[in-house]
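Structural overview
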Amino acid sequence: MNDLRVSAAPFSQQKVIFKRKHNWLMTWLYVGTFGSFIGFAAGLPLLIKNNFEAQGHQATTYAWIGPFVGALMRWAGGRLSDRIGGARVTMLSFAGMAAAPAVVIFALPSDGDQGSFWAFLTGFLAAFAFSGLGNGSTFRQIPVIFRDQHMRDAEGKGPQAQAAALKQSEREAGAVTGFSSAIAAYGFFFIPAMFAAMAVTNALCLFIGFYATCLAVCWWFYARKGAEAPS
């Protein structure tokens, strides 16, 4: 329903999201979850081909498993978020996403060592699983954040103001969801490009650092006691 409301609303009513701090913060987090999911889906076949094809492992045999796992975990992330809160699940997601690349780094071939394909694949499947979990939880957070903020602003102003605030929150939440998805989709290009442009281990270390910033943002603004927008 939010998507229908947004599609019916003129851009002049949607562009206010660019002034909303939580639009940019949640876009940062969604780049971390969905951007990673779609980027890893594009990058995993490349890494298998470059590092393990000589050992008899074909990318086409395994590349589909990660996106499948991530898609299932997105559903689980939404369900779990309904029970314990989206911010907590997002924190869990980024903690797992920071740990999974470390497994991949140690499993890659290096200095004559053939590496471990099965450890490599396990690490990547964990990254897919946790990114899928975060896809579900961040989508749950967005409408909660905007609804709570608008309803808080309308508190004590009467039913008409509260109804207008709820309608505006739905409009903005839908617009933020669409905007964050569009930006995160660039992960499909940037992650494989990083794997091609630099050492894979260096790229994975950068991802770990990025996930650490996502953890910090989520904890400070959404998950900690007294957070600005608990969700």
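Above this text you will find the structure in question.
Residues numbered from 1 in each chain as written. Predicted model: local features only at pLDDT ≥ 70, side-chain atom pairs only at ≥ 80, totals over all residues. Heavy atoms only, no water.

Focus on the packing of helix H3 (residues 21-52) against helix H10 (residues 200-223)
Under the convention used in this document: Whenever a helix is involved, its axis is fitted only over the stretch in contact; in every case the axis is a line through C-alpha atoms, and angles between N-to-C directions fall within 0 to 180 degrees. Helix and strand assignments follow DSSP, with helices taken as H or I runs no shorter than four residues and strands as E runs no shorter than two, numbered in order from the N terminus. Each angle is binned into one of four classes, with values under 35 degrees roughly parallel, values over 145 roughly antiparallel, values of 65 to 115 roughly perpendicular, and all other values oblique. Put simply, a crossing is left-handed when the front helix is turned counterclockwise from the back one by less than a right angle, and right-handed when it is turned clockwise. Every residue pair with non-hydrogen atoms within 4.5 Å of one another is taken to be in contact. Charged means Asp, Glu, Lys or Arg here, nonpolar means Ala, Val, Leu, Ile, Met, Phe, Trp, Tyr, Cys or Pro, and polar covers whatever is left, Gly included.
Across the interface, H3 lies against H10 with an axial gap of 11 Å and an inter-helix angle of 155 degrees. If you check the angle between H3 and H10, you find them roughly antiparallel. As H3 packs across H10, the resulting crossing turns out to be left-handed. Residue-level contacts link Lys21, His22, Leu25, Met26, Trp28, Leu29, Val31, Gly32, Ser36, Phe40 and Leu47 of H3 to Val200, Phe207, Phe210, Tyr211, Thr213, Cys214, Val217, Cys218, Phe221 and Tyr222 of H10. Classifying every residue of the contact of H3 with H10 by side-chain character gives 16 nonpolar, 4 polar and 1 charged.

Quick notes on the pattern of salt bridges
Rules: The term salt bridge refers to a pairing of a side-chain nitrogen on Lys or Arg with a carboxyl oxygen on Asp or Glu at a separation within 4 Å. Burial classes: relative accessible area under 20% of the type maximum marks a residue as buried, over 50% as exposed, and values in between as partly exposed (1.4 Å probe, protein chains only).
Applying the stated criterion across every chain, the model contains 4 salt bridges. Here Glu172 ties to Arg20 by a salt bridge, and the two come within 2.9 Å at their closest N and O atoms. Of this pair, Glu172 sits in helix H8 (residues 159-184) while Arg20 sits in the loop between helix H2 (11-14) and H3, and the two are 152 residues apart along the sequence. A relative accessible area of 1% means that Glu172 is categorised as buried. A relative accessible area of 30% means that Arg20 is categorised as partly exposed.

Description of the packing of helix H5 (residues 65-84) against helix H6 (residues 86-107)
Interaxial distance between H5 and H6 falls to 7 Å at its minimum, and their mutual angle equals 130 degrees. Judged by the inter-axis angle, H5 sits oblique to H6. In this structure, H5 uses Gly77, Leu80, Ser81 and Ile84 to contact H6, whose residues at the interface are Gly86, Arg88 and Val89. Looking at the contact of H5 with H6, its residues break down into 3 nonpolar, 3 polar and 1 charged.

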